[in-house]
Amino acid sequence: MRLAPSSRPASSGQRGAGLTSLPGDWLNPEAIPQDRVAAEDPGGRARFGTMSWIPFKIGQPKKQIVPKTVERDFEREYGKLQQLEEQTKRLQKDMKKSTDADLAMSKSAVKISLDLLSNPLCEQDQDFLNMVTALDTAMKRMDAFNQEKVNQIQKTVIEPLKKFGSVFPSLNMAVKRREQALQDYRRLQAKVEKYEEKEKTGPVLAKLHQAREELRPVRDDFEAKNKQLLDEMPRFYNSRLDYFQPSFESLIRAQVVYYSEMHKIFGDLTQQLAQPGRPDEQRERENEARLSELRALSIVADD
Amino acid sequence: MTDHGDDELSSRTGSPDKEGRVPEERSLLHQSLAVRELIDTEVSYLHVLQLCASDIRSHLQQLPQGDLDVLFSNIDDIIKVNSKLLHDLQETAAREEEQVQLIGNLFLEFQEELEQVYKVYCASYEQALLLVEAYRMEPRLQREIQDTIEAVLPQAGSSGLSFLLVIPLQRITKYPLLLQKILENTLPDASAYPVLQRATSALQDVVTNINEYKRRKEVASKYTKVEHLSLRERLARINVHTLSKKTTRLGQLLKQEAGLVPKTEDKEFDDLEESFHWVSLCVTELKNNVAAYLDNLEAFLRFRPQEYDLDIPGGPVVQYCYLARDLQLQAFPEFKQRLEALVWQPLCSLAKALAGPQNLIKKRLDKLLDFERVEEKLLEVGSMTYEEEAARHMYEALNSLLVAELPQFKQLAVRWLGQILCTFVTLQRDLAKQVLQRAEGSLAQLPHHHISDPAFRKLVEDALGQTSHQLHAFQENFEKVLPPPTTQPLLPGAEHQVQALLSRYGPGKLYQVTSNISGSGTLDLTLPRGHVVALLQDKDTKGNSSRWLVDTGGHRGYVPAGKLELYHMVPREEELRGQARPHRDSQRQTPEPTLASVPSVPAVTQVVAVYPFVARSSHEVSLQAGQQVTVLEAQDKKGNPEWSLVEVNGQRGYVPSSFLARAPGPALWGWSLPS
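Residues numbered from 1 in each chain as written. Chains lettered and ligands numbered in written order. Predicted model: local features only at pLDDT ≥ 70, side-chain atom pairs only at ≥ 80, totals over all residues. Heavy atoms only, no water.

## A look at the overall build of chain B
Here comes step 1: Each helix and strand in chain B was counted, giving 17 helices and 10 strands.
Here comes step 2: Across the 675 residues that make up chain B, the buried fraction comes to 43%.
Here comes step 3: In chain B, of all internal contacts separated by at least 6 residues, the share reaching a separation of at least 24 is 66%.
Here comes step 4: For chain B, the accessible area works out to roughly 36300 Å², and carbon and sulfur atoms hold 53% of it. (Helix = DSSP H or I, 4+ residues; strand = E, 2+ residues; numbered from the N terminus. Buried < 20%, exposed > 50% of the residue type's maximum accessible area, 1.4 Å probe, protein only. Contact = heavy atoms within 4.5 Å. Areas by Shrake-Rupley, 256 points an atom, 1.4 Å probe, with all protein chains shown as cover.)

Okay, here's the thing in structure tokens:
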């Protein structure tokens, strides 16, 4: 329901005389007649953005200044980017933790052979010494390769992820500023409309003119920001494809390089220690046999 | 087992010329009798054993399986060995002359097996006896057992179970005697003699060893158990006796440390102990290290980077996700499980086995201290009590046990350690193989799989460098979305001053203060927010461009540039649409020169003065805010559009164009409005 022009003075009378009632309305939003807020445009489009979450309900322009489709597009694009931001942040954290655990694993493997080597048993038993030395060499080499792998991952995956994530704060600030501009725009628009409804006296016209002049740069600014973001956001979102594919390809390849080395080094060592491939059940039986041998000694407690 | 041979013997004793032969023949006869006895007793022995193992054992259902295992121990193994022995013995019967020799060889062959199998049985015999005693306490159970046995073996008599259980013990001790009997009746120069002699002593050794084994087992089982006692239980164990034992030992130890008493140096044992200690250390350290490795592996598997969604439908990102998930669900868990079963578990068992010897070594030291004390006493007094003798025997038993078995322990442990380490290595290789197999598919699908690794690395570096620049550009773009221009309302009474500044300096030089400035230096100004000033210079005398020299209309001084913003005199014809980056010092200063850029505006003569204006010369005319004027010319005589010739209140004159406004204004630009 649209208010007829003739009722304008009356409605402004409802709110009290002119501008001075505004502060009061801030404290009591209910003073604004509900139908005014919910009014439709003459074109039949529902008023967009009543923004009831804004503490001040004054300054709601009657005219819809941002079409619903535009706002929807904006929210969709921004939404996608917010999702991407979260995923990249968490992915980066998890990747870091994963590589840290990887390094720890390798270090503990090296410790195994290091401690063995430092045990005096090696001095007494030549075969034992040979085996442990070979093991130690293998572990140290593997650790070096692991470090290389982790460095490569750091450089080609984790750093890029961080860089990608560092763009988001700027984006979020830009979106905030757009929102701020939108609010200013709305506020000034409402002001202009308010003057437009009044009787065209000289002072009113002057004020109207001033209000319009105030509005113009703000509106232009908002439009500029909006357009810029609507242009840039999809481009930025799509850039993730170009950005991440190299990283992940590098990740896969780094792993393959590492495990190839691992296969070679431990394969050679297995050959050297003359332990042919035996099924697990056989190994288990051997372990049982060793245990029984030990238990057969009287000095070993059987329990 | 009587036969006619005896009768023959007695008839020949008289003849002197056959004296040489008679003892020979008698020996031969006795010998064959002994051999027969050996074989026949073996037969019946085996028969009884089989009855025990099958009929009796299976009928004693009311006893728990654990008890049956203790009672009958390894009777099945004994049956196996003895069946073989019997079979071979019976075969020798076919070869008459060589029979004795063959028997000798046979026993030498079987020596090892017999010892192994009987020693186990004998070791558990004591415990079996304890069980039998326990059963005897329960009359009903006892009667049942008795009935079962009598049904199968009536000759067992009233002592039933214990009678049966002792039979193997009796048998093994009988062998040396039986062999001895054959040996006695063999001529010393017979070819069989040395063999038989060796066999007899061999079986004697078997019996000795079994006894020794039994004794050691008893000693060991007394001390190897690590007792986990509560404090209360420990306290309860302390009595006068134990206390005196411990204080004596401590005293002895102190005396040794002080050098008052010579320490019994046993280099051999010390070496063994040291060796054992290293083995112990090795096992413990390895176990801890493997535990740490497994923990880290678990931590590694906890992180799942592949689970994040970057909304990328294909390509290497997706490949990686599949591969990583595959590895984490299959390859790595299998590796972990194999590690636990084939490396961790054995290490735990090995570590547990260390406890027994450790305890015994400790106990031996205690007993050694006791022993030394006893020796001292012996020197002083010349005799020792029964208890002291026992202490000495105990020490010697422990010592010999340890000396015998520690080297074996070490050897077995080291061998096992070696195997465990080899398994560890193999598992690593298998893991690598698994990963590579699974990665093969993904690798082939990567876009650059044909490029070598160094070349690829360079490629990635370059690609990332490029995209890094791209990102930087995005970031800059986003940062350029500036805060909106804020036009401050004029302070009351400032319009006059503004207009004065304006007329003196022109509209492009006016700046408005955005937040309160408080000047500190002598030349710095203090200005409130909203004040309008005119820019004189955009840097100070030292060249600092963040400090500007301004004119407030009354005073001149320096203010920080950051707190100034271009004051918009609301130029009418600004074109800001399509500008992506509105800079502060950009096109706003110069208004568009002509009105033509404004969308078609109906020619309205209705113009209103927005600001008051005071005429300073006869060419100018004064204005009041809100006053309606008529524009005669929109520029002055020199064509300067900043001044307009207007008529107001019947007067004509020039006023600044920017002080005028049209009303109502043109349609607001912006989004398409409803028609």
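## With respect to the packing of helix H4 (residues 68–117) of chain A against helix H7 (residues 202–272) of chain A
Residues and elements named next belong to chain A.
Here comes step 1: Two elements in contact, H4 and H7, have axes separated by 10 Å at closest approach and are oriented at 30°. One way to sum up the angle between H4 and H7 is to call them roughly parallel. Of the two elements, H4 crosses H7, and the hand of that crossing is left-handed. Judged by residue contacts, Val70, Asp73, Phe74, Glu77, Tyr78, Lys80, Leu81, Leu84, Thr88, Leu91 and Met95 of H4 engage Asn226, Leu229, Leu230, Met233, Pro234, Phe236, Tyr237, Arg240, Phe244, Phe248 and Leu251 from H7. (Axes fitted to C-alpha atoms, helices over the stretch in contact; angles between N-to-C directions. Parallel < 35°, antiparallel > 145°, perpendicular 65-115°, else oblique. Left-handed = near helix turned anticlockwise from the far one by under 90°.)

## Considering the UniProt feature "coiled-coil region" (unreviewed entry) in chain A
Residue and element names in this part refer to chain A.
Here comes step 1: Look at the UniProt record and you will see "coiled-coil region" (unreviewed entry) annotated at residues 74–101 and 171–198.
Here comes step 2: The distance from the first to the last C-alpha atom of residues 74–101 is 41 Å, and the span holds 100% helix and 0% strand.
Here comes step 3: Regarding residues 171–198, the helix share stands at 96% and the strand share at 0%, and the terminal C-alpha atoms are separated by 41 Å. (UniProt positions renumbered as here; feature names shortened; annotations may be inferred.)

## Focus: the packing of aromatic side chains
Here comes step 1: If you walk through the whole model with that rule in mind, you get 20 aromatic pairs over all chains.
Here comes step 2: With centroids separated by 5.4 Å and ring planes inclined at 25°, the aromatic side chains of A:Phe164 and A:Tyr243 adopt a geometry described as stacked. With a gap of 79 residues between them, A:Phe164 in helix H6 (residues 126–197) and A:Tyr243 in helix H7 connect regions that are remote in the sequence.
Here comes step 3: The structure contains a cluster of three or more aromatic residues connected by ring pairs, namely A:Phe164, A:Phe168, A:Phe236, A:Tyr243, A:Phe244, B:Phe474 and B:Phe478.
Here comes step 4: Just above the ring of A:Tyr258 sits the side chain of A:Lys149; from NZ or CZ to the centre is 4.1 Å. (Phe/Tyr/Trp six-rings, centres within 6.5 Å; stacked < 30°, edge-to-face > 60°. Lys NZ or Arg CZ within 6 Å of the ring centre and 35° of its normal.)

## Some remarks on the sheet that holds strand E2 (residues 532–537) of chain B
Residues and elements named next belong to chain B.
Here comes step 1: Within the open sheet, the five strands sit side by side as E4-E3-E2-E1-E5. Their pairing is antiparallel. Two strands bound the open sheet, and with one partner strand each, they are strand E4 (556–560) and strand E5 (564–566). Averaged over all neighbouring strand pairs, the angle between strand axes comes to 50°, with direction disregarded.
Here comes step 2: One ladder, built from three bridges, connects strand E1 (residues 510–513) with E5; its direction is antiparallel. What sits directly across from Val513, in E5, is Leu564. (Pairing = 2+ DSSP bridges.)

## Quick notes on the environment of A:Lys96
Here comes step 1: Position of A:Lys96 among the secondary structure elements: in helix H4.
Here comes step 2: A sequence separation of 57 residues divides A:Lys96 from A:Ile153, and the C-alpha atoms of the two residues are 9.4 Å apart.

## Notes on the interface of chain B and chain A
Here comes step 1: Of the residues lining the interface, 134 residues belong to chain B; the matching set on chain A comes to 122 residues.
Here comes step 2: For the pair chain B and chain A, the two sides together bury roughly 11800 Å², of which 67% comes from carbon and sulfur.
Here comes step 3: Connecting chain B to chain A are five salt bridges.
Here comes step 4: The shortest N-O distance in the salt bridge between A:Arg240 and B:Asp311 comes to 3.5 Å.
Here comes step 5: Looking at the side of chain B that touches chain A, the elements that each hand over two or more residues are helix H9 (192–223), helix H12 (267–302), helix H13 (316–353), helix H14 (355–381), helix H15 (386–445), helix H16 (453–479), strand E6 (607–609) and strand E10 (660–662) of chain B.
Here comes step 6: Looking at the side of chain B that touches chain A residue by residue, the class counts come to 82 nonpolar, 29 polar and 23 charged. (Buried area = accessible area lost by both parts, 1.4 Å probe. Salt bridge = Lys/Arg side-chain N within 4 Å of Asp/Glu carboxyl O. Nonpolar A, V, L, I, M, F, W, Y, C, P; charged D, E, K, R; others polar.)

## Topic: the nonpolar core
Here comes step 1: If you look at the biggest cluster of nonpolar residues, it comprises 118 residues, and the most contacted ones within it are A:Phe128 and B:Phe409.
Here comes step 2: Considering every element that reaches this core, the biggest residue donor is H15(B), with 21 residues.
Here comes step 3: If we skip the residues at most four places from it in the chain, A:Phe128 touches A:Leu116, A:Leu121, A:Cys122, B:Cys282, B:Val414 and B:Leu417.
Here comes step 4: Within the second largest apolar cluster, 61 residues are counted, among which are B:Ile56, B:Leu63, B:Leu141 and B:Ile149. (Core = buried A, V, L, I, M, F, W, Y, C linked by side-chain atoms within 4.5 Å.)

## Some thoughts on the confidence of the model for chain B
Residues and elements named next belong to chain B.
Here comes step 1: With 83% of its residues at a pLDDT of 70 or more, chain B has an overall mean of 78.
Here comes step 2: Contacts from residues 570–605, a stretch scored under 50 in pLDDT, to residues over four places away or in other chains number 49 contacts.
Here comes step 3: When the criterion is pLDDT under 50, residues 664–675 qualifies, and its contacts beyond four places in sequence or with other chains add up to 25 contacts.
Here comes step 4: Scoring of the predicted complex yields 0.60 for pTM and 0.76 for ipTM. (pLDDT = per-residue confidence, 0-100.)

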